[in-house]
Amino acid sequence: MATRRGSPTPGGCDAEALPDVRRLADNAPSGEVMAAALSLLDGDGPADEHTRHDLRRFLRSLDDPHEPVRYEAVLGLQRWAEATGSLPPESGRTRDRLTALTEDASPRLRQAATRLLGVPDSGPR
């Protein structure tokens, strides 16, 4: 991965490293690596063209079979929502996907999706 000393993006990644991080977020050999890459992406710059692509990555990753990937995707969407005050475009479909995650077997994923939707968590399952 290319790295550069300097100011990192708000997601914590040097700007020169972002293309490699994005490639890992799309094609990592494991769910853990993909989740780590997603955690470094900045979801809170809605005017930035690359952030819009990252937003699509987060949305696509909501359906990933690996729990860490789905969790990091929800956290990325949370950053977007905090920065913009709303869910991403096509929020009806996004809301449906997040609602499904409120029933996930993973407590942390359920709680993160519930927080993002702004509905109370129904507790442990």
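Every chain begins its residue count from 1, and numbering advances along the sequence as written. Per-residue local features are limited, in this predicted model, to residues with pLDDT of at least 70; the limit for side-chain atom pairs, both in listing and counting, is 80 or more; totals at the level of whole chains, interfaces and linings are taken over all residues. Here the side-chain values reflect all heavy atoms present in the structure, with hydrogen atoms and water set aside.

### Looking at the packing of helix H2 (residues 31–40) against helix H4 (residues 67–84)
Stage number 1. Direction vectors running N to C along H2 and H4 enclose 10 degrees, while the axes themselves pass 8 Å from each other. The angle between H2 and H4 falls in the class roughly parallel. In contact with Gly31, Met34, Ala35, Leu38 and Ser39 of H2, H4 contributes Pro68, Val69, Glu72, Ala73 and Arg79.
Stage number 2. Lys, Arg, Asp and Glu make up the charged group, whereas Ala, Val, Leu, Ile, Met, Phe, Trp, Tyr, Cys and Pro make up the nonpolar group; the residues left over, Gly among them, are polar. Residue composition of the contact of H2 with H4, by class: six nonpolar, two polar and two charged. Where helices are involved, their axes are fitted lines through C-alpha atoms of the stretch in contact, as for all axes, and angles between N-to-C directions lie from 0 to 180°. We count a stretch as a helix when DSSP gives it H or I for four or more residues in a row; a strand needs E for two or more, and each element gets its number in order from the N terminus. Here roughly perpendicular refers to angles of 65 to 115 degrees, roughly parallel to angles under 35, roughly antiparallel to angles over 145, and oblique to all remaining angles. Here a residue-residue contact requires only that any non-hydrogen atoms of the pair lie within 4.5 Å.

### Digging into the nonpolar core
Stage number 1. In this description, a nonpolar core means a group of buried Ala, Val, Leu, Ile, Met, Phe, Trp, Tyr and Cys residues linked to one another through side-chain atoms lying within 4.5 Å. Buried, partly exposed and exposed residues are distinguished by accessible area as a fraction of the type maximum, computed with a 1.4 Å probe on protein chains only: under 20%, between the cut-offs, and over 50%, respectively. Leu41, Leu62, Val74, Leu77, Leu98, Leu101 and Leu116 are the most contacted members of the largest nonpolar core, which has 28 residues in total.
Stage number 2. For this core, the secondary-structure elements that each account for two or more residues are helix H1 (18–27), H2, helix H3 (49–61), H4, helix H5 (91–101) and helix H6 (107–117).
Stage number 3. Counting residues per element, this core draws most heavily on H4, at seven residues.

### Some details on the packing of aromatic side chains
Geometry of an aromatic ring pair is reported as the spacing of the ring centres plus the angle between the planes.
Stage number 1. Note on aromatic pairs: the rings of Phe, Tyr and Trp (six-membered ring only in Trp) are paired at centre separations within 6.5 Å, and the planes decide the class, stacked below 30 degrees, edge-to-face beyond 60, tilted for the rest. Enumeration according to the criterion identifies zero aromatic pairs in this entry.
Stage number 2. Only lysine NZ and arginine CZ atoms are considered, and such an atom sits over a ring when it is within 6 Å of the ring centre and within 35 degrees of the ring normal. Looking at Arg108, its charged tip hangs above the ring of Tyr71, at a distance of 4.0 Å from the centre.

### As for the packing of H1 against H2
Stage number 1. Remark: H1 packs on H2, axes separated minimally by 8 Å, with the N-to-C direction vectors making an angle of 135 degrees. On the basis of the axis angle, H1 is oblique to H2. Considering only the axes of H1 and H2, their crossing is left-handed. Of the residues in H2, those touching H1 at Leu18, Val21, Leu24, Ala25 and Asp26 are Val33, Met34, Ala37, Leu38 and Leu40. In a left-handed crossing the near helix is turned counterclockwise from the far helix by less than a right angle, and in a right-handed crossing that turn is clockwise.

### What to know about the layout of surface pockets
Stage number 1. Approximately 190 Å³ is the volume attributed to the largest pocket.
Stage number 2. Each cavity reported here is a set of points on a 1 Å grid over the protein atoms alone in which a 1.4 Å probe fits but cannot get out, each pocket an open set with protein on both sides within 12 Å along at least five of seven lines, and each lining residue one with an atom within 4 Å of a point. Lining the largest pocket are Arg52, Leu55, Arg56, Leu59, Arg60, Pro88, Pro89, Glu90, Arg93, Thr94 and Arg97.
Stage number 3. Of all the secondary structure elements, the ones that give two or more residues to the lining of the largest pocket are H3 and H5.
Stage number 4. It is H3 that contributes the most residues to the lining of the largest pocket, five residues altogether.
Stage number 5. Split by residue class, the lining of the largest pocket holds four nonpolar, one polar and six charged. Grid points are joined across faces, edges and corners, and a volume is the space filled by probe spheres set on the points.

### A word on H1
Stage number 1. Listing the buried residues of H1 in full gives Leu18, Val21, Arg22 and Ala25. Along the axis of H1, the buried positions cluster into a sector of 100 degrees, meaning they face one direction only. Summarising the geometry, the arc corresponds to the directions from the helix axis toward the C-beta atoms.

### Side note on the environment of Val69
Stage number 1. You can see Val69 is positioned in helix H4.
Stage number 2. Under the relative-accessibility criterion, Val69 is labelled buried at 0%.
Stage number 3. Not counting residues within four places of it along the chain, the set of residues in contact with Val69 comprises Gly31, Met34, Ala35, Leu38, Ser61 and Asp64.

### Some words on the confidence of the model for the protein
Stage number 1. Confidence in the prediction of the protein, expressed as mean pLDDT, is 82, and 77% of residues score 70 or more.
Stage number 2. pLDDT is defined as a per-residue confidence score from the predictor, taking values between 0 and 100. By mean pLDDT, the top-scoring element of the protein is H6 (96), and the lowest-scoring one is H3 (86).
Stage number 3. Predicted confidence for residues 1–11 stays below pLDDT 50, and this span has 26 contacts to residues more than four positions away or in other chains.
Stage number 4. Here residues 119–125 is a poorly scored stretch, pLDDT under 50, and it has ten contacts once near neighbours within four places are set aside; other chains count.

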